[in-house]
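# A look at the structure
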Amino acid sequence: MTEQPTTVADRPEPRGPWDYPRHWIADVLASDGGVVHLRPIVPDDADRIVEFHSKLSERTRYMRYFGPTPTLPPREVARMTTVDHQKRVALVAVLGGEIIAVGLYEGLALDGKPESAEVAFVVADEHQGRGLGPILLEHLAGAAAENGFTRFEAEVLSENPNMVAVFRDAGYQLSRSFDGSTVHVEFLIDPTEALLSVRNARERASEARSVANLLRPGSVAVIGASTDPKKVGNALLSNIIAGGFTGPVFPVNGPGHGPDDPTAHEDDATAPGRSAPGRSVPGRRTRERPPSVRGIRAYETVRDIPDPVDLAVVAVPAERVPDVLDDCLVKGVRTLVVVSSGFGDSGEEGLLSEHRLVEQVREHGMRLVGPNALGVANNDPAVALNATLAPRIPAAGRVGFFCQSGALGIAILDTAARRQIGLSTFVSAGNRADVSGNDLLQYWDTDTATDVVLLYLESFGNPRKFSRIARRVSRSKPIVAVKSGKGAMTPVRAARSGGASLDDQIARMVLEQAGVIQVDTIPELFDCATTFAFQPLPRGPRVRIIGNSSVLGSLAADTARGGGLEVLDAIDLGAGASEEQFESAVAEAMADPGVDAILVVFVPPVAVDADWHARALMAAANTPDADGKKPIVTTFLAVDGIPPGLKKPGANGLPDRGSIPSYASPERAASALARAWQYARWRQRPEAVVARPDGTDPEAARMFVREALADVAVDTDQGMVLDHLASAQVLGWYGISVVPFREVSTLHEASAAARELGFPVAVKATSAAWRGRLDREGARLDLPDATAVVTAFAELSGLTGDDVLHVQKMAPKGVGTVIRVRDDPSFGSLVSFGLSGRTFELLGDHGYRAVPLSELDAAELIDEPRSAPLLSGYGGEAAVDKAALIDTLLRISTLVDDIPEVREVLCDPILASPEGAAVLTAQIRIGPVPTRADTGPRRLG
């Protein structure tokens, strides 16, 4: 949620015209998928503002200024460009160094509404209709909220309904009044569910459109096209041509633009995964640019191409890419695919070059795939684009695939082709400097040609955003993800700097929360993809195993049970079972409403016609079922993929939906079926709704945290730890009451505190070394009177050396639990829950979920640890109040989601009992947020 103070007194002091918050700078996507750079205005923008105004049409100037304003007086220009970034804020949208839109707000102090600001914006005529007005409004509202404003007002001409529509369509609740020729509009800028819903919908549409620009270009230029068949540029051009791309293709092979250039290397330094050393070869004679490459006219630069170019595929040495970029910017290319290596993959210097490349690309409205990418492909016959280095890609299908590694991408594409899994689209992003898996998920969400999404994850850009998008996409399309080992879930920046990686167990829990099916190997990835692509989801866990081998049937049953399936029975038809027996058994299972899925194990004995068995199996699989279709998988002849006899041919000759997947072993078949049920079960549960608990005061907590950060110099990495009293105060604003305690440093203070709190009390050490010890030597409990308190204080002071001790009222006895929130480099704020104590910590017996939590997330989280039965009355003990634990989890989740400066929360222990959940100790760490947030106005990662 957007952070905001609430009173004028709370507002930051006005700043100088150059002193603006750096996080107000953002790259954003217009509704057509093009990138626009947003930043606060500065005095140096004066000439740009004059030029911008001069290019506006008379009607646009009239709508903005309510009258003819052919020129802006110098005084007005100075006023527009010199703001304090607090009471007056102006943002400019910049493209190619030119201002294309301006938005501003100015604080009002009229009619007793000191927290109101007047907002206005204007967009260049040629950029109207690109959604820049709503983007400016979002970012202005975010800045205004940070500065303490809660309401926007605007004066709009009655003949300008489009401006009123901008406010209304953003999700604001408008209050309107009419005064002759003008409409006065007012609305609160507080973030609401309606606002967030509109923001997310617009974000999805613009990001999907930007990927569509990449995957559905009208024309392609191959920069670095070569006549040498050993060169990358030649391979790219050949694959585009051989793939039958439906638009024009333009080879570019001029000086500095290809491996044929004398400064390029003969060892083909632009291949993904190999760094370009960047040295020139002295004394070599410059070769003339060939007039054509593969029979197509070649151009010296992309600027020389007479027709528009939508997509440029770049295969030149890394040091030549900036020159190519300049040409593409002039030409107006919309998207770049850079296969060249030698950037972030080659060290710190290359990483700096990569950052500069992304900055330049975005400043000119473009998107970038790569660098060090394998390429992109779209099998839609209307496009037929294979702009990859892969010698073989699968035919058209309904599976979308995203990965980073080029070398691995080639192997994955080859495997998919061998297993007859058709692809709709494919993107290998290489270093993933710009376009990421999040962008592809947004595209596939609404892509009618894609039913299944496959991801090979090496790193994340914005983990919180991934979780949010994946939750939505998984509601309609399965997402199967394989991780590349330790560090696979680490953001790219942290991975390059050796940052911490997510433990496999945590990754599994968090991905499962978002509905993502996580697998460990490439074969498992395609095992799942085959089932999802060709078979329906099971409606329940009940599976029947049918086969002619009791041993293999037993192996399948064991794996199925381990994956959460309920094995109804394993029918052994005998080694010599006929095709009629198979067909009858499978047809009976298909018609049985008590069976949810079927696994067929077929091992052909000698002299048996397997084709007959295949036809029998297909006939039985198509038996009408009163309850609808159910999935069926098999280990037919130990074949991986779709055997010919089990294929239902599609329009392009590939297997179509209804084909029966086969696996090389019964374990793999059962595992794929189990994962299908796990996903189906996730989809069947109610959609997660994140609701705000009652009785919270986020504004008070937010201001307290910000003031605490402003008062001290905070280390960027570690932040600062609030003391126990301050931590309890912050939790109190979110409806979490820490069991009353007092900090004492003398015998007299300890005695007085105990009397104030009421007996019995506890006296506890405050140093970390003594808290939570198994021998409980750091605490004295159930003290009945002042004498016992004084004695305990003296003992603990001498034993621990602590200057300050805690006297705390005794809580009802219960099971010790612990809730911790920490900022993880992989998934943002993570909530963990488990039983308290070093034994459980040593065993790693905790559950994990990503923030924000829904009530269902919280309920599942407290049941996640292996020791969770202790909360449900294990061993005859009374069950604890789980609802109280769920409520505490939701309140802590809301706190962290509201205030991203809260980096860590530790409540340990929380005594759970039948009477409720009592928080005994709490500690909060605050500081600048190290991971990318997924709150506030839209922006690219």
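### Remarks on the overall build of the protein chain
Summing up its helical and strand segments, the protein chain has 26 helices and 37 strands in all. In the protein chain, which comprises 941 residues, the share counted as buried stands at 56%. When the accessible surface of the protein chain is totalled, it reaches about 37,200 Å², and 52% of it is carbon and sulfur.

### Concerning the environment of Val738
For Val738, the location among the structural elements is in the loop between α21 (724–732) and β28 (741–744). Sequence separation of Val738 and Ala922 is 184 residues, and the distance between their C-alpha atoms is 7.4 Å. For Val738, the contacting residues outside a window of four places in its chain are Ala728, Leu731, Gln808, Val919, Leu920 and Ala922.

### With respect to the sheet that holds strand β26 (residues 632–634)
The strand order across the open sheet formed by four strands is β24-β23-β25-β26, and the pairing between neighbours is parallel. Both edges of this open sheet fall to β24 (566–572) and β26, since each of them pairs with a single strand only. Each strand of the sheet is rotated relative to its neighbour by a mean of 20°, with strand direction disregarded. Here strand β25 (residues 597–601) pairs with β26 via three bridges, running parallel. Directly across from Val600, in β26, lies its bridge partner Thr634. Relative to the sheet, helix α17 (residues 579–591) contacts β23 (542–547), β25 and β26, its axis offset from that of β25 by approximately 165°. Its contacts with the sheet put helix α19 (residues 666–684) on β23, β25 and β26, and the angle it makes with β25 is roughly 170°.

### Some thoughts on the sheet that holds strand β13 (residues 311–314)
With parallel pairing, the five strands of this open sheet are ordered in space as β10-β9-β13-β14-β15. Edge positions in the sheet fall to β10 (249–252) and β15 (367–369), since each of these pairs with one other strand and no more. Adjacent strand axes in the sheet meet at a mean angle of 20°, parallel and antiparallel pairs treated alike.

### Observations concerning the nonpolar core
Ranked by size, the top nonpolar core spans 85 residues in total, and within it Val376, Phe401, Leu454 and Leu455 carry the most contacts. Among the elements that take part in this core, helix α15 (residues 522–534) stands out by supplying eight residues, more than any other. Filtering out sequence-adjacent residues up to four positions away, Leu454 remains in contact with Val399, Gly400, Phe401, Phe402, Val480, Leu525, Phe526 and Ala529.

### Details of the packing of aromatic side chains
Per the counting criterion, the structure on display carries 13 aromatic pairs. With 5.9 Å between their ring centres and 40° between their planes, Tyr105 and Phe152 make a pair best called tilted. One end of the pair, Tyr105, is in strand β4 (residues 98–107); the other, Phe152, is in strand β6 (residues 151–157), with 47 residues separating them in the sequence. In this structure Tyr105 comes out as buried when scored by relative accessible area, which is 1%. Through successive ring pairs, a cluster of aromatic residues spans Tyr105, Phe121, Phe149, Phe152, Phe167, Tyr172 and Phe187. Lying over the aromatic face of Tyr20, Arg22 brings its terminal NZ or CZ to 4.2 Å of the ring centre. Note that Arg64 overlies the ring of Tyr65, its terminal NZ or CZ placed 4.8 Å from the centroid.

### So, unusual backbone geometry
Among all residues save glycine, negative phi is the norm, and among peptide bonds the norm is trans. Going from Val851 to Pro852, the amide bond is cis rather than trans, its omega being 5°. Examined against the element boundaries, Pro852 turns out to sit in the loop between β34 (846–850) and α25 (855–862). With an omega dihedral of 0°, the bond running from Asp908 to Pro909 counts as a cis peptide bond. Along the chain, the position of Pro909 falls in strand β35 (residues 902–913). Positive phi values are uncommon outside glycine, yet Phe66 reaches one of about 65°. Structurally, Phe66 can be placed in the loop between α2 (58–65) and α3 (74–81).

### Comments concerning the side chain of Glu146
With respect to the helices and strands, Glu146 occurs in helix α4 (residues 132–146). The buried charged residue Glu146 lacks any salt bridge partner; its closest oppositely charged side chain belongs to Arg706, at an N-O distance of 5.5 Å. Here the side chain of Glu146 touches His23 through a polar contact of 2.9 Å, side chain to side chain.

### What to know about the side chain of Glu354
If you trace the backbone, Glu354 turns up in helix α9 (residues 348–363). In this structure the side chain of Glu354 is engaged in a polar contact, spanning 2.9 Å, whose partner is the backbone nitrogen of Gly344. Within the structure, Glu354 has its side chain in polar contact with the side chain of Asn431 (distance 2.8 Å).

### Regarding the pairing of strand β7 (residues 175–179)
Relative to strand β8 (residues 182–188), β7 is paired through five bridges, and the arrangement is antiparallel. In the sheet register, Phe178 faces β8, and the bridge partner there is Val183. From the end of β7 to the start of β8, which pair antiparallel, there are two residues, and Gly180 there has a positive phi angle of about 65°.

### Some thoughts on helix α26 (residues 882–898)
In a regular helix each residue adds 1.5 Å, so 17 residues correspond to 24 Å; α26 covers 24 Å between its end C-alpha atoms and thus fits that length. Counting buried residues in α26 gives 14 out of 17 residues, a clear majority hidden from the surface. One side-chain oxygen at the N-terminal end of α26 lies 3.2 Å from the backbone nitrogen of Ala883; it belongs to Asp881.

### Looking at α25
If you check which residues of α25 are buried, you get Asp857, Ala858, Leu861 and Ile862. One face of α25 carries all of its buried residues, which in axial projection span an arc of 125°.

### What to know about the pairing of strand β33 (residues 828–835)
On any regular strand, side chains alternate: one points to one face of the sheet, the next to the other face. Counting buried residues along β33, eight of its eight residues qualify, which places the element largely inside the surrounding structure. In this sheet, β34 lies alongside β33 in antiparallel orientation, the contact comprising five bridges. What sits directly across from Gly834, in β34, is His846.

### Side note on the packing of helix α11 (residues 437–446) against helix α12 (residues 463–473)
One way to put it is that α11 packs onto α12 with a least axis distance of 10 Å and a crossing angle of 20°. With respect to α12, the element α11 is oriented roughly parallel. Where α11 crosses over α12, the handedness of that crossing is left-handed. Contacts from Asn438, Leu441, Gln442 and Asp445 of α11 reach α12 at Lys465, Phe466, Ile469, Arg472 and Val473. Residue classes in the contact of α11 with α12 are distributed as four nonpolar, two polar and three charged.

### Considering the confidence of the model for the protein chain
Residues shown with low pLDDT carry predicted positions that ought not to be read at fine detail. For the protein chain, per-residue confidence averages 87 on the pLDDT scale, and 89% of positions sit at 70 or higher. A low-confidence stretch, residues 1–11 (pLDDT under 50), is modelled with 42 contacts involving residues beyond four sequence positions or located in other chains. Scored below 50 in pLDDT, residues 259–287 makes 73 contacts in the model with residues more than four places away or belonging to other chains.

Each value, and the rule that gives it
Residues numbered from 1 in each chain as written. Predicted model: local features only at pLDDT ≥ 70, side-chain atom pairs only at ≥ 80, totals over all residues. Heavy atoms only, no water. Helix = DSSP H or I, 4+ residues; strand = E, 2+ residues; numbered from the N terminus. Buried < 20%, exposed > 50% of the residue type's maximum accessible area, 1.4 Å probe, protein only. Areas by Shrake-Rupley, 256 points an atom, 1.4 Å probe, with all protein chains shown as cover. Contact = heavy atoms within 4.5 Å. Pairing = 2+ DSSP bridges. Axes fitted to C-alpha atoms, helices over the stretch in contact; angles between N-to-C directions. Core = buried A, V, L, I, M, F, W, Y, C linked by side-chain atoms within 4.5 Å. Phe/Tyr/Trp six-rings, centres within 6.5 Å; stacked < 30°, edge-to-face > 60°. Lys NZ or Arg CZ within 6 Å of the ring centre and 35° of its normal. Lys, Arg positive; Asp, Glu negative; His and termini not counted. Salt bridge = Lys/Arg side-chain N within 4 Å of Asp/Glu carboxyl O. Polar contact = N/O pair within 3.5 Å; in protein donor to acceptor, adjacent residues only side chain to side chain. Expected span 1.5 Å × (residues − 1). Arc of directions from axis to C-beta. Parallel < 35°, antiparallel > 145°, perpendicular 65-115°, else oblique. Left-handed = near helix turned anticlockwise from the far one by under 90°. Nonpolar A, V, L, I, M, F, W, Y, C, P; charged D, E, K, R; others polar. pLDDT = per-residue confidence, 0-100.

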